[in-house]
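# What the coordinates show
Here are the chains, one letter per residue:
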Amino acid sequence: MSVLIAPSILAADFAALGTEIAAAERGGADFIHVDIMDGHFVPNLTMGPPVVRSLSKVAKVPLDVHLMIEKPDQFVEAFVRAGASMISVHVEAVPHLHRTIQLIKQLGARAGVAINPATPVGALEEIAGDVDHVLVMSVNPGFGGQTFIPRTESKIQAVRALLERRGSRAPIEVDGGIDMSNAARVIEAGATILVAGVSIFGTGDAERATRDLRAAAALRARV
Ligand code: DX5
Ligand code: ZN
């Protein structure tokens, strides 16, 4: 299965987002990952729908919006209208997950569920058959540039097994601390979408880093 790259603009120069996105796209980015933080669900603040709307005007590839917020139901419509193609909500943040997933789908976006490092895979048991993708956090959400948590590999395998049991071919996205040293391992474990912030936008050459990350993942994944 091919590897998809979703550069996370959290590590980009916010005064030059259009240029940064264009560079990642030249390098073959498949999505642009947009991290939305509310200062409550996670201890950090980022951006809201107006920024996503501006990004959607310059991005050629779909926007993958990762909501790290409480009460996402109140905001999913605004993010879809702003141009989000994929929306992930956290299983830890939503009391009525099935309703939220249906809402995202009804609005016309791909609906995903994100899961924190300390949350058991079993939390996805009842929703696995309904989601368009699963986002496995490989760091605790809230900040870019953190260290990949190695246990994520076996967690991805467990999520893959759960999806297969439920007859789902939904892709697994992995997010946090992904770089050339671990990309192939998470792909081998069953992820297909790599989110990467610092390892792409922190390099000073997002075009090349996007290309290199895909090459690193694909090379080892064939072994
Ligand atoms: C963390 C975010 C990530 C972050 C990843 O809460 O969800 O998407 O941007 O950044 P890196 O790749 O730098 O760990
Ligand atoms: Zn993210």
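Only a predicted model underlies this, so the values are computations on that prediction, with no experimental measurement involved.

## Looking at the environment of Ile127
Its place among the elements puts Ile127 in the loop between strand S5 (110-115) and strand S6 (133-137). Along the primary structure Ile127 and Ile69 are separated by 58 residues, whereas in three dimensions their C-alpha atoms are 19 Å apart. In contact with Ile127, not counting residues within four places along its chain, are Leu97, His98, Ile101 and Val113.

## Here's the deal with the pattern of salt bridges
Under the definition given, this model contains nine salt bridges. A salt bridge links Glu207 to Arg26; the shortest N-O distance between them is 3.0 Å. Highlighted residues: Glu207 in helix H8 (residues 206-221) and Arg26 in helix H1 (residues 17-26), separated in sequence by 181 residues. Assessed through its relative accessible area of 22%, Glu207 is described here as partly exposed. A relative accessible area of 52% places Arg26 in the exposed class. Among the salt bridges present, the one from Glu77 reaches Arg81, with a minimum N-O distance of 2.6 Å. Of this pair, Glu77 and Arg81 both sit in helix H3 (residues 76-82), separated by four residues, roughly a single helical turn. Residues joined by salt bridges that share partners form a network here, namely Arg26, Glu207 and Arg211.

Rules used in this analysis
- Residues numbered from 1 in each chain as written.
- Chains lettered and ligands numbered in written order.
- Predicted model: local features only at pLDDT ≥ 70, side-chain atom pairs only at ≥ 80, totals over all residues.
- Heavy atoms only, no water.
- Helix = DSSP H or I, 4+ residues; strand = E, 2+ residues; numbered from the N terminus.
- Contact = heavy atoms within 4.5 Å.
- Salt bridge = Lys/Arg side-chain N within 4 Å of Asp/Glu carboxyl O.
- Buried < 20%, exposed > 50% of the residue type's maximum accessible area, 1.4 Å probe, protein only.

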